[in-house]
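# Observations on the three-dimensional arrangement
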Amino acid sequence: PKSLTTISPNQHALIRLPSEGMKIVLLKPNGVISLGKFGSFEVNGILGYPFGQSFEILDDHKVKPTKSITQLHDDAPASDDGDEEIEKSELTKMFSNSAESNQNIINIGSKVQKLTSDDIDELKKSGASSNIGQTIIEKMIAGHGGFDKKTIFSQQKYLKRKQQKFLRRFTVEYLGASQLLQYYVEKDIQRILDMSEESLGLIMTYSNVRPGGKYLLIDETGGVILYAMMERMKGEGTIVLIHDNEHANIITLRNSDYPEEDINRMVKTINWLQFVEPENEKIDWDEATPAEIEQMKPSKQAQYERRSKRAQEINEVINMTQEGNFDALISVSTLNMTSFLPYVLPTIGGSRPVVIYSQFKELLLETQHFLMKDKRVLAPSIFESRVRAYQTIPGRMHPLMTMRGFGGYVLWGTRVMPKESGVTAIGRG
Amino acid sequence: PKSLTTISPNQHALIRLPSEGMKIVLLKPNGVISLGKFGSFEVNGILGYPFGQSFEILDDHKVKPTKSITQLHDDAPASDDGDEEIEKSELTKMFSNSAESNQNIINIGSKVQKLTSDDIDELKKSGASSNIGQTIIEKMIAGHGGFDKKTIFSQQKYLKRKQQKFLRRFTVEYLGASQLLQYYVEKDIQRILDMSEESLGLIMTYSNVRPGGKYLLIDETGGVILYAMMERMKGEGTIVLIHDNEHANIITLRNSDYPEEDINRMVKTINWLQFVEPENEKIDWDEATPAEIEQMKPSKQAQYERRSKRAQEINEVINMTQEGNFDALISVSTLNMTSFLPYVLPTIGGSRPVVIYSQFKELLLETQHFLMKDKRVLAPSIFESRVRAYQTIPGRMHPLMTMRGFGGYVLWGTRVMPKESGVTAIGRG
Amino acid sequence: MSFFKYKDVIEEGDLVFAFISRGTIKPITIKKGEKLNTRYGHYEHDDMIGMKFGEQMAGARGIGFIHLLHPSPELWTLSLPHRTQIVYTQDSSYIMQRLNVVSGTRVIEAGTGSASFSHSFARTIGYDGRLFTYEFHEPRYLEAKKELEEHNMKNTLITHRDVCNDGFEIANIPEGFVKDGGVSGEVVFLDLPSPWTAIPHLEKVISQTARVGICCFSPCIEQVDKTVKALQDEGWIEIEMVEVAGRRWEARKDMVKDVGDVVKRLKDIQSRKNQGIENKRHAKVQAGDKRDHDEMDSGSDDGAEKKVQNTGKGFNPFGKGVRVREGDEGFEWRNVTKVEGEIKSHTSYLTFAYKIPLPKV
Amino acid sequence: MSFFKYKDVIEEGDLVFAFISRGTIKPITIKKGEKLNTRYGHYEHDDMIGMKFGEQMAGARGIGFIHLLHPSPELWTLSLPHRTQIVYTQDSSYIMQRLNVVSGTRVIEAGTGSASFSHSFARTIGYDGRLFTYEFHEPRYLEAKKELEEHNMKNTLITHRDVCNDGFEIANIPEGFVKDGGVSGEVVFLDLPSPWTAIPHLEKVISQTARVGICCFSPCIEQVDKTVKALQDEGWIEIEMVEVAGRRWEARKDMVKDVGDVVKRLKDIQSRKNQGIENKRHAKVQAGDKRDHDEMDSGSDDGAEKKVQNTGKGFNPFGKGVRVREGDEGFEWRNVTKVEGEIKSHTSYLTFAYKIPLPKV
């Protein structure tokens, strides 16, 4: 099985760059991975380190382990690393020249930035040494007319920003569901329907996902939710995934490093037609007798086996939905909820959670009204969770000035069986 | 005119109590005002002090000025007041007995509270002296078995809560629009449609209210918005108030201390029927000739004068709305906005703000779609403003644990004249 | 282990959550002969046996009803008497997601408090995970220990300990709980008044092979400041502090009131008044379609209120007197959301950080 | 004074805000012969003269359009080049409401910064009020002074001063600005890096007869801590710190996609496939209404996509390729709100307090 703790060969990983960019990579032994302007490195150089380790790119695609890339100054005092010390003393020196208040801050813009991007490109070309980032930064400071007029604080910020842009460092992280989500938040937020990590957490908790459960899932994110569930379940239990098209789009599972057989064992897919009209869509497959199979040509025989397996799979998943008693409904979709809930609700077991995500509160509002009238879901409510991050530089603590506005909404309720049997007659009942 | 700065006779004021309760009072000279369990005081004793002054009730309805009632400990160090010093040393003494961490906090509930409410009542009856609050608190601390097991912080909080409950103190504040709003937030939030002070501020700013303006107002709060505008305008300018019923409900203006004539000069009321069907509703009043008036009996004459004045008033306000060119539309109402905007928009002057408040974002959403299609309001957006208060005790700084959830939403846009004349044909155009 | 796996039918000895109302969820253990008393009637345990989890149950004399719910950590959290501050779901769910708590994770928690978060951790880490939870306060420790036993939380080890002074090391760890010769925690959650005093003790009990994540939960900003410094001193990296703001919204209906209805009603009032005063007209009024506004300033709405029922579909213009049920089909409504009247605007600050084992390569 | 009173028709010399887009609002002063150039065409000042404020104006060659808006402090704030941090309307409007800034109020502001809040103050206090604003930074002072003059802000006095060191007293206050022999401010707003150094200087310039309100505007929590202590030391009371969270929402439309549409499409795909493969059937399939799922695992949606336009009212199931305009009348939509992609999650902490004059009775 894949490792959660150690950077291992033939596994995917998330690379974080100083620019706060991200990259998903497959760690092929002996391979070389390019990080664009940050340089390239040999995969073998990072294998065996724990996930979370940061590295600096040296000459010839070699790396050396280094401290975190994201908190250059917060953790500087605890560092014995040579480079860090240089940076620190560099900073200290410059700070002593700084205006001690904001009053002399001058208008820092492109005008005072005397280093052109051509200069920077040239510097980059001139030497591929590990010190290039530091060199560039020093040149930039030298070329920055107003630098000593800035306060310590803004110098710090400026330097950090520049370092993050030019230092050839990166961090290798385990590619969990949160990392995959963050990746899409940066690259393609529409794919994950604006979902924030806090909303994903709420969904996982409210739907009571755990090893051994049997869940009904509607997932239009290409499998990010599916992956989050599989991570929590660690190979135990079943997820029935309903999909819109002929085939389920679970493209993100390519990065999950689960063996095909594990995915096939845990994840059963069914399309909406099969779900809504199960009796019509079941395949009435006549098993051939051993004698009949014997008589088939080898190519026909293989075709027969394949079709037989496929029919069994379809019938198996249709039967599962007909048996129902799922341990939760989890829906992350753009489909009109009130149009599918009549089909889906009867398949959820008593006292199990019903969890529906939407980008828009207005759509969950309609859903909540629908459920309140329907009575098969107890106490449905809409939850909104928003995380606000702080700058934690001592003496300069405040919430970050901006944050992402989106994040989505989660409806949570509990499937119950009301006394009046008439109420449950809606849909397939 | 009324005083904004000094506690003055025959003016209304807001009384704040230690319990965070509020009371609106009229300060009649020689009168006595009862604050229920906090005691009674003579009005004359508080006159002449600046608004914002706190008082403590002594014997015989006398008062003495004292420090703020709301921040007993925050401002204690700056106080030279005897009582405050006692409290402080009392606190210090008790703190030295306290467990220095939360670890020994025991379950503080009604069980450890050895003083019954009967005890408290008896104590209250036994002496009406100014020290009664302090006495009760001391007894309660003595009767509180777990007090020394509490941390300094929770002792402080406990003491503060108790003091606020029993100290016979109050603060006299100028009754501005914010105070009136806060009063209704406590007493009858439905009357002000859940509006928070921050939403009121947004409305006043976005609608560009200032002395000398001419505004069109829909106000279902009984006049709180109207009062806020009048406060900002200080007697200069005009407000045309559209109302639902035959008579405008501006009951809160009773507390405004504006002379009747000032109100009549500034505020013109019109009902929706008159606004929507102005030509039908104008009164075609034939002036009687001086000779005709002469011939009337005195009672008839008075009746004639009254009716003549009324007709002139109605026609005047109808004419004003027909002339239009208002400096802003301000709507704080539960009426369906999309049903009245076609009538109202044409009367708003070019480049003037359109500001619509609602308890519910969903209703402003419909309104924004309406306006975007209509094109007579440029760049309408929905704004939400929420204030979060902090506890500022040094070393214990954090946001208050709970806050009011409501507060409302404000739509703001700018009235414009689109080029295509067809677009403005909606409504009275 | 009812918190680990669903069952369908209620049997004697089962823990059942009686859902009485949103604010009142009572955990009961089914025992023949006993009954649950509520403000709205009582319910015999005997009748519950054999019923399905999730079923609605009518009160003994047909008065009122409850729903019989299966245990879950989230219902447990909602049902708790607030003995101590609870880590609410908005915070706990984010912490677990961010620190990647999954089946098999080894978690260190201090203090246990109400054990609400402990239930949540235990559910998520499953049979393969291990939760080491520490509580200093003895009554709370005993209460939590009892609950964890009753709830069959076999993946959880609770220790009575002041971790700030005495650290996290455990002398005789039960065999099933040992890894790499000790606690070897991968995720740490500290809900303590002074986490900075506990942080230096962590080194001995956290994993030496995997990245370890920590979350410190502190209400005051000054605690964060000290915590950040302690984490820096102990070599933790990627320190970030966040707040989680949670809101709960309810679906409501707001009556649609058109200006046309208002105009219609005003006309109605006016025409009835004009009829009433027809014979006492005095003012000189021209003929034509202009109406007489004469008596309007002395009229009242009383007469009109009696006729409100006739307006039918439209709006109820007279708030007073006539009460309309929300959603009444005689009127038009618009769906709206409403937040709780009082919201939790602050629970605690969450300080996250990571520690990477020293490279062995 | 265009910020004090509306006018209707544009004349030469007027300040006009050209609204180009939500993010681009350009203040221009009308001068014959000049023109406004935008990315989408240019606009002659000559043509603007005589137009009404609020009118839409077409570009010179009929390309594009702008709206000609009347000055207001709020538009001024939106139009500002962000020279320095701006006090946004969510904060400024709350501060003015809470401190009861009305016509006639005497306000002290330091520092002036972009003068965005100064405009707002000046508008609200009107002709009768007085604004004393102080700016230390000389270029900013000169810029603001020029603007205030251009905008005819006759109720505002700007002073070049480091109030933290040199206090607020002004040697030669113009006569119209004096009250009780000095500044006599009733409301104080401090937007300074270290307000605690300025607070002790306030006593000499605030009203000695009325309650004075103050708001200190600080981005960092540690600044609040020092400010609170300074306010306490100087005898200010009712100290409270708050944050204002502002959100802007836009109305959008989201397409309604019913599960029935999905089912219909799946059936459609299936039936067309079955027709296509009719003549290459091999599997043994019973007669009846059960369909053949045989080739489904190797099929693709490509064929179906070409027919999407025929579905009409319903949903556009193939996101790729066919783009549907938001609100397209061929489809069903639901109204939804969307917040900005990036929101201002923090501007500053607002510390409020009051000072009461010593009793004279």
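Small disclaimer: the values here were computed from a predicted structure and weren't measured.

### A closer look at the overall build of chain A
Tallying secondary structure elements over chain A gives 14 helices and 16 strands in all. Counting every position in chain A, which comprises 429 residues, the buried fraction comes to 61%. Long-range contacts, defined here as pairs at least 24 residues apart, represent 69% of the contacts in chain A between residues at least 6 apart. Carbon and sulfur atoms make up 49% of the accessible area of chain A, which totals about 16,400 Å².

### Details of the confidence of the model for chain A
Residue-level pLDDT values for chain A average 82, and 75% of them are 70 or greater. Per-residue pLDDT stays below 50 along residues 145–150 of chain A; that stretch engages in 22 contacts with residues further than four places along the chain or on separate chains.

### Considerations on unusual backbone geometry
Geometrically, the link from C:Ala110 to C:Gly111 is a cis peptide bond, its omega value of -10° lying close to zero. By the element assignment, C:Gly111 lies in the loop between β7 (106–110) and α4 (116–125). Phi is positive for A:Ala379, close to 50°, though the residue is something other than glycine. Secondary-structure assignment places A:Ala379 in strand β13 (residues 377–391). The class of A:Ala379 is partly exposed, set by a relative accessible area of 22%.

### Concerning the interface of chain B and chain D
Contact with chain B, which involves 73 residues of that partner, is made by 72 residues of chain D. Summing both partners gives a buried area of about 6,100 Å² for chain B against chain D, and 55% of it is carried by carbon and sulfur. Among the residues chain B hides against chain D, the three largest losses belong to B:Arg210, B:Arg232 and B:Tyr390. Together they make up 10% of the total. Across the contact surface, chain B and chain D share three salt bridges. For D:Glu243, the salt bridge goes to B:Arg388, with nearest N and O atoms at 3.4 Å. Seen at the junction of chain B and chain D, the total is 31 residue pairs in polar contact (both at pLDDT 80 or more). Secondary structure elements with two or more residues in the side of chain B that touches chain D: β7 (169–173), α5 (177–187), α6 (197–206), α7 (224–233), α14 (361–374), β13 (377–391) and β16 (409–415) of chain B. Across the side of chain B that touches chain D, the residue classes tally to 32 nonpolar, 20 polar and 21 charged. The sheet contact formed by β13(B) and strand β12 (residues 237–255) of chain D spans nine bridges and is antiparallel. Across the sheet, residue B:Arg388 finds its bridge partner in β12(D), namely D:Glu243.

### Some remarks on the environment of C:Tyr349
Residue and element names in this part refer to chain C. Summarising the element assignment, tyrosine 349 is placed in strand β15 (residues 349–355). For tyrosine 349, a relative accessible area of 0% puts it in the buried group. Separated by 93 residues in the primary sequence, tyrosine 349 and valine 256 have C-alpha atoms spaced 42 Å apart.

### Some points on helix α5 (residues 138–150) of chain C
The α-helix advances 3.6 residues per turn, and as a result positions three or four apart in sequence lie on the same side. Residue and element names in this part refer to chain C. The terminal C-alpha atoms of α5, which comprises 13 residues, lie 18 Å apart, in line with the 18 Å expected from a rise of 1.5 Å per residue. Where α5 is concerned, the buried positions are Arg140, Tyr141, Ala144, Glu147 and Leu148. Each buried residue of α5 sits inside an arc of 135° when the element is viewed along its axis, so together they form one side. Facing away from the buried surface of α5 by more than 90 degrees, the exposed residues are Pro139, Glu149 and Glu150. Where α5 is buried, its residues contact α2 (73–79), α4, β8 (130–135) and β9 (156–160). Immediately beyond the C-terminal end of α5, within one or two residues, lies asparagine 152, with a positive phi of roughly 60°.

### Notes on the nonpolar core
Grouped together as the largest cluster of nonpolar side chains are 97 residues, with contacts concentrated most on A:Trp272 and B:Trp272. Among all residues touching A:Trp272, those that are not within four sequence positions of it are A:Ile218, A:Ile242, A:His243, A:Asp244, A:Leu335, A:Phe340, A:Val344, D:Val259, D:Val262, D:Val263 and D:Leu266. C:Ile206, D:Ala198, D:Ile199 and D:Val228 belong to the second-largest nonpolar core, a separate cluster that totals 70 residues.

### Examining the sheet that holds β7(B)
All names here are of chain B. Taken in spatial order, the five strands make up an open sheet running β2-β1-β7-β5-β6, and their pairing is antiparallel. A strand with exactly one partner marks an edge of an open sheet, and here the two such strands are β2 (22–26) and β6 (63–66). Between one strand and the next, the sheet's axes are offset by a mean angle of 35°, whatever the strand orientation.

Parameters and conventions
- Residues numbered from 1 in each chain as written.
- Chains lettered and ligands numbered in written order.
- Predicted model: local features only at pLDDT ≥ 70, side-chain atom pairs only at ≥ 80, totals over all residues.
- Heavy atoms only, no water.
- Helix = DSSP H or I, 4+ residues; strand = E, 2+ residues; numbered from the N terminus.
- Buried < 20%, exposed > 50% of the residue type's maximum accessible area, 1.4 Å probe, protein only.
- Contact = heavy atoms within 4.5 Å.
- Areas by Shrake-Rupley, 256 points an atom, 1.4 Å probe, with all protein chains shown as cover.
- pLDDT = per-residue confidence, 0-100.
- Buried area = accessible area lost by both parts, 1.4 Å probe.
- Salt bridge = Lys/Arg side-chain N within 4 Å of Asp/Glu carboxyl O.
- Polar contact = N/O pair within 3.5 Å; in protein donor to acceptor, adjacent residues only side chain to side chain.
- Nonpolar A, V, L, I, M, F, W, Y, C, P; charged D, E, K, R; others polar.
- Pairing = 2+ DSSP bridges.
- Expected span 1.5 Å × (residues − 1).
- Arc of directions from axis to C-beta.
- Core = buried A, V, L, I, M, F, W, Y, C linked by side-chain atoms within 4.5 Å.
- Axes fitted to C-alpha atoms, helices over the stretch in contact; angles between N-to-C directions.

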